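Residue-level structure breakdown
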Amino acid sequence: MSERRRATRKPIGDRLVVTDAMTGEEIGVIGNLSHDGLLLILKRPMPPDTLFQVAFHIPDGRGNDLVEVGLHEQWTEKSDASGLIWAGFRIIDMAPEERERLIAFVGD
């Protein structure tokens, strides 16, 4: 598969849990992250081509800052025998100050 990403992804060593911003339900963990998208590792598939509002904490040196983002599902695939689902999302909306924190965390 050819590389189609516009930004370099940062692998995430820590477990960054992603929750549905409306319900508070845990929906997955971040596998990698960039300033414009992320890979989520999910226990159940999400509807294709759907918009989501999610929240997660990023380490920022002072603790863990909450970031809330709007996401658009780009692709989904079953990862392996574990039954986990991998899904790629594009970040479509977030507050400017949260975007600054995210860029500081992942780099340019």
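Quick caveat, the model's predicted, so the values are computed rather than measured. (Residues numbered from 1 in each chain as written. Predicted model: local features only at pLDDT ≥ 70, side-chain atom pairs only at ≥ 80, totals over all residues. Heavy atoms only, no water.)

Here we come to the environment of Glu-26. If you trace the backbone, Glu-26 turns up in strand E3 (residues 26–33). Residues Glu-26 and Lys-43, 17 residues apart in the sequence, show an inter-C-alpha distance of 9.9 Å. Setting aside chain neighbours within four positions, we find Glu-26 in contact with Arg-15, Val-17, Val-18 and Thr-19. Engagement of the side chain of Glu-26 in a polar contact is seen with the side chain of Arg-15, the distance being 3.4 Å. (Helix = DSSP H or I, 4+ residues; strand = E, 2+ residues; numbered from the N terminus. Contact = heavy atoms within 4.5 Å. Polar contact = N/O pair within 3.5 Å; in protein donor to acceptor, adjacent residues only side chain to side chain.)

One pass over the full model with this rule turns up 1 aromatic pair. A ring pair is formed by Phe-52 and Phe-89, whose centres lie 5.7 Å apart and whose planes are at 75°; its orientation type is edge-to-face. Separated by 37 residues along the polypeptide, Phe-52 in strand E5 (residues 51–59) and Phe-89 in strand E7 (residues 85–94) bring together distant segments of the chain. For Phe-52, a relative accessible area of 16% puts it in the buried group. The exposure class assigned to Phe-89 is buried, which follows from its relative accessible area of 2%. (Phe/Tyr/Trp six-rings, centres within 6.5 Å; stacked < 30°, edge-to-face > 60°. Buried < 20%, exposed > 50% of the residue type's maximum accessible area, 1.4 Å probe, protein only.)

Such coordinate-based values are descriptive only and should not be taken to indicate function.
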